[in-house]
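# Tertiary structure, described
Each chain is listed here by its residues.
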Amino acid sequence: MTLRLKIAGAVSGLAVLTTVTAAQADVLFWSTQAKPVEEAQAMREQVLAGAGDTVDYQPNDAGPWLTRLNAELQAGSGSIGVLGALHGDFSAMDPESLVDLDVLGVSASSDTFNSLAQLGTDKPQYIPWMQASYIMAANKQALEYLPEGADIDALTYDQLIEWAANVHEGTGSPKFGFPAGPKGLKHRFFQGYLYPSYTNGVVRTFASPEAVTAWEKFAELWEHTNPASTNFSFLQEQLLSGDAWIVFDHTSRLAQAFNERPDDFVAFPAPAGPKGRGFMPVIAGIAIPKTAPDMDAAKDLVKYMMAPETQIATLRATSFFPVVDVELPDDLPPSVQAAGAAVAKMSSAPDANPGLLPAGLGDKGGDFNRIFVDTFERIILARQPIEAVLEDQKTRLAAIMEETGAPCWAPDAPSEGACPVE
Amino acid sequence: MNARILPYVLILPVTLFLCLFFLYPFVLVSKQAFSTGAGFTLDNFREVVSYWKFPISMQNTLLLAAAVVPVQLALALLMATMVNKMQKGRDIVLYIWTIPLGISDLAAGIIWLAIFEQSGFLNSMMSGLGIVDQPVNFLSYQHPGVVFLAIALAEIWRATAIMLVILVAGIGLIPKEYYEAAEVFGASPWKRFTRITLPMLRPSLQTALVLRVILAFEIFAVVAALGGTLFPVLMGETYAYQFDLLNSGAAAAMALIILGISIAFTLVILRVLRVPKGATI
């Protein structure tokens, strides 16, 4: 009996030991990116299978992502090894809770990205991991309605409005699709596309006469926009269902349409306004929380993610582009080819007016986005007078800028101290 | 054990559980709501109340409760009396009617979304019958009335059963003798309902209404599924403060405002439907 007990005890002890060692070898990759099941699976099987340690890739919504991270940081110990998130998610965090990553010796090829990744300190707090942008896409059936003389790769906002109007008239229903749903990225359109194209600024020019024109133009476009757009968050769905023919969205939120029916859709650059062709990059980064259980394994994983082969595997899995210099292979998925060409045309256009992601706002990033979403809801949906709404929202925007002291970012002219709303 | 202490011993586990998982978090939330980092302040409340969507979401929440709860009450009363009169198959009918109770509110919202969507069942049916040429988008900002109606319908479908269950139990407790006496004196079925069932049902009605009204102020998932951001409600704004704006203080303030409204309405219902002392069954 006692012998049996001893054996049983030894066996269970061994079992406990092995599970402990197995758990230690696992690095928990806690991410807000590559959330759809197929993308998460591709991350696990194609990207992370080659990493030295076993990696447990767990994507989640930004809310729960931050809740667990904060709980671990407050407790002073945790199980998360590596964080993957957008620049905005990181900038809302206290840089103190992230490990300085200058010792790794890896970085993006873009200096702008690298300096954004310092989050206002003098050392990288996260490493730029992958990038994307927002582009336009259209059903090929819409091409016959293109206004005369319009070049799809060099459209202006006026031509886009005319095009959408032609489609509306020709098919009897409004077919422009805009991501105005609860999870849609509409605020980025205003911050990175509409405002830079019309006002050559975002904060300084928020309530300028040019901004009034911009909103008037957008209201015109809205006349030919599918009114169900307030429920659209991933426009690949509406492209595939035919509810929208001409759309604006994030490249990875259009990917499925191109991958499923590559011959039915075209991708093209965002339109240009009087102040150029405004567009905005999206950066995702990887970081290590200071509570990471196995610091060396976490650092190895970050280095592994930045290797050129991993970056290309990530591109295939998520449709996010590499941030390091790599030779792109020819056999990429259709969505990547289409989006890559559109982004390249957009950034190399002679009238390109690239904007940056909002920076220096700390945890007020959500409030900053809300200014633009509210302005949209009031002007476009509730049809309140443009000047009055801009004047009212302007005070809220100014309060956020003053509270955070964030200096201006491109295309706004640089400022000393907090970016002023003029 | 001493019969005087026994009840307290028996409720001790529940009390401890509530203190640990309800009272303690509640104290923490209140602390969060009344502070922004430095001492006592009402800033959080000022911030959420001055936001332009606050009056709209307050109005929407109250309107929805005012539209949904009376309909649910009437339906639940009707269904409970019907079930009570049944000789055969009473259990089956009751089970079927309470199915929505087992479905989460988000799932209920998604079921009704599948009906009202642009490519949903209602549209396919209408175009199949030749009523419309092409799908109509019901749930858009252009038709706020339809959005309201869809949310109200989904709520009525989903949450009437909880009142029904309470009322069925309550009706079962009413002694048959009252009805027999009333019949002897020639009271009509309607008279019997208003003079016997309703007054005797008061304690159950109280419970059912308190429960339903509180839940009505907490409505969230059904609205999120059907209305998105088109129909702001208090709970949705609370979620936005916590998870979109990462502003826990403001979210806590919103939560306390909802709690305040719930307590106020509970007190009103308890007062209006109070059962006089000694007048129990």
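In every chain, residue numbers begin from 1 and rise along the written sequence. Chains carry letters and ligands carry numbers; both start at the beginning, A for chains and 1 for ligands, and go up in the order they are written. Only residues with pLDDT of 70 or above have their local features reported here, since the model is predicted, and side-chain atom pairs are shown and tallied only from 80 upward, although totals for entire chains, interfaces and linings are computed over all residues.

An unreviewed UniProt entry lists chain B under the name Sugar ABC transporter permease, with Roseobacter sinensis as the source organism. Chain B has a UniProt comment under Sequence similarities (unreviewed entry) that states "Belongs to the binding-protein-dependent transport system permease family." UniProt positions are given in the numbering used here, feature names are shortened, and annotations may be inferred rather than shown by experiment.

In the annotation of an unreviewed UniProt entry, chain A is listed under the name ABC transporter substrate-binding protein and assigned to Roseobacter sinensis. Recorded in UniProt for chain A, the comment headed Subcellular location (unreviewed entry) runs: "Periplasm". Recorded under Sequence similarities (unreviewed entry), the UniProt text for chain A is reproduced unchanged: "Belongs to the bacterial solute-binding protein 1 family."

### Considering the overall build of chain B
Helix numbering and strand numbering both begin at the N terminus, where a helix is a DSSP run of H or I of at least 4 residues and a strand a DSSP run of E of at least 2. Helix and strand counts for chain B come out as 13 helices and zero strands. If you list the helices and strands of chain B from N to C, you get α-α-α-α-α-α-α-α-α-α-α-α-α. Reported as C-alpha extents along the three principal axes, the dimensions of chain B are approximately 70 × 65 × 30 Å. Any residue whose C-beta has 12 or fewer other C-beta atoms within 10 Å is treated as exposed, any with 20 or more as buried, and any in between as partly exposed, C-beta atoms being built from the backbone. Looking at chain B as a whole, 28% of its 281 residues qualify as buried.

### A word on the overall build of chain A
Looking only at helices and strands, chain A has 15 helices and 11 strands in total. For chain A, whose C-alpha radius of gyration is 24 Å, the value lies close to the compact-globule estimate of 22 Å for 422 residues. Pairs at least 24 apart in sequence give 75% of the contacts found in chain A among residues at least 6 apart. For the radius of gyration, the atoms used are the C-alpha atoms, and the globule rule reads 2.2 Å times the number of residues raised to 0.38. By the convention adopted here, residues make contact when the C-beta atoms placed from their backbones lie within 7 Å.

### Thoughts on the UniProt feature "transmembrane region" (unreviewed entry) in chain B
Under the feature "transmembrane region" (unreviewed entry), the UniProt entry names residues 5-27, 61-80, 92-115, 146-174, 209-231 and 251-273 of chain B. As annotated, residues 92-115 of chain B comprises 71% helix and 0% strand, and the C-alpha atoms at either end are separated by 26 Å.

### Some thoughts on the interface of chain A and chain B
Interfaces are often sized by the accessible area lost when the parts come together. Chain A puts 17 residues into the contact, and the matching count from chain B is 15 residues. Those elements giving two or more residues to the side of chain A that touches chain B turn out to be α3 (62-75) and α14 (365-381) of chain A. Counting residues per element, the side of chain A that touches chain B draws most heavily on α14(A), at four residues. Nonpolar residues are Ala, Val, Leu, Ile, Met, Phe, Trp, Tyr, Cys and Pro. Charged residues are Asp, Glu, Lys and Arg, and all others, Gly as well, are polar. Partitioning the side of chain A that touches chain B into residue classes produces six nonpolar, seven polar and four charged.

### Points about the environment of A:Ser110
Within the fold, A:Ser110 resides in the loop between α4 (87-91) and α5 (111-116). The exposure class of A:Ser110 is partly exposed, given the 15 C-beta atoms found within 10 Å.

### Examining the packing of helix α3 (residues 54-85) of chain B against helix α7 (residues 144-173) of chain B
Between two packed helices, both the angle of their axes relative to each other and the distance between the axes serve to describe the pair. Residue and element names in this part refer to chain B. Here an axis means a line fitted to C-alpha atoms, over the contact stretch when the element is a helix, while the angle between two N-to-C directions is reported on a 0 to 180 degree scale. One can describe the packing of α3 onto α7 by two numbers: an axis separation of 7 Å at closest approach and a directional angle of 45 degrees. Taken together, the axes of α3 and α7 lie oblique to each other. Where α3 crosses over α7, the two elements pack in a sense that is right-handed. In the contact of α3 with α7, the residues fall into 20 nonpolar, four polar and one charged. Here the angle decides the label: under 35 degrees means roughly parallel, over 145 means roughly antiparallel, 65 to 115 means roughly perpendicular, and every other value means oblique. Crossings are assigned a handedness: left-handed for a near helix turned anticlockwise from the far helix by less than a right angle, right-handed for a clockwise turn.

### Looking at unusual backbone geometry
Residues and elements named next belong to chain A. With phi around 50 degrees, Leu-119 is a residue other than glycine that occupies positive phi space. By secondary structure assignment, the location of Leu-119 is in the loop between α5 and β4 (127-139). Assessed through the 23 C-beta atoms surrounding it within 10 Å, Leu-119 is described here as buried.

### Some words on the domain arrangement of chain A
Residues and elements named next belong to chain A. Domain start and end points were adopted from an automatic or database domain assignment. Split into domains, chain A comes out as domain 1 (2-131 + 282-335) and domain 2 (133-281 + 351-404). The set of elements that each furnish at least two residues to the side of domain 1 that touches domain 2 consists of α4, α5, β9 (281-287) and α13 (334-348). Examining the composition of the side of domain 1 that touches domain 2, we find that three residues originate from one element, α4, more than from any other. A class-by-class count of the residues in the side of domain 1 that touches domain 2 yields seven nonpolar, nine polar and no charged.

### Some thoughts on helix α1 (residues 6-33) of chain B
All names here are of chain B. Expected span of a helix: the number of residues minus one, times 1.5 Å. Helix length check: α1 (28 residues) gives 39 Å between terminal C-alpha atoms against 40 Å at 1.5 Å per residue, within 8%. Along its length, α1 shows its largest kink, about 40 degrees, at Leu-12, and proline Pro-13 lies within four residues downstream of that point. In terms of residue burial, α1 counts as a barely covered element, since only one of its 28 residues are buried. Bend, in this description, refers to the angle at a residue between axes fitted to the seven residues ending there and the seven starting there.

### Quick word on the pairing of strand β2 (residues 55-59) of chain A
On any regular strand, side chains alternate: one points to one face of the sheet, the next to the other face. Residues and elements named next belong to chain A. Whether two strands pair comes down to DSSP finding at least two bridges between them. Note: strand β1 (residues 27-31) against β2, five bridges, orientation parallel. The residue bridging Trp-30 from the neighbouring strand is Gln-58, located in β2. The definition of a right-handed crossover adopted here requires that, viewed with the strands pointing away, the path from the first strand over the helix to the second runs clockwise. As a crossover connection, the stretch from β1 through helix α2 (residues 37-47) into β2 is right-handed.

### Overview of the confidence of the model for chain A
Overall, the predicted model of chain A reaches an average pLDDT of 88, with 94% of residues at or above 70. Every residue gets a pLDDT, meaning the predictor's confidence in that residue, from 0 to 100. Element-level pLDDT for chain A is lowest in helix α1 (residues 2-25) of chain A, with a mean of 51, against a maximum mean of 96 in strand β5 (residues 176-177) of chain A.

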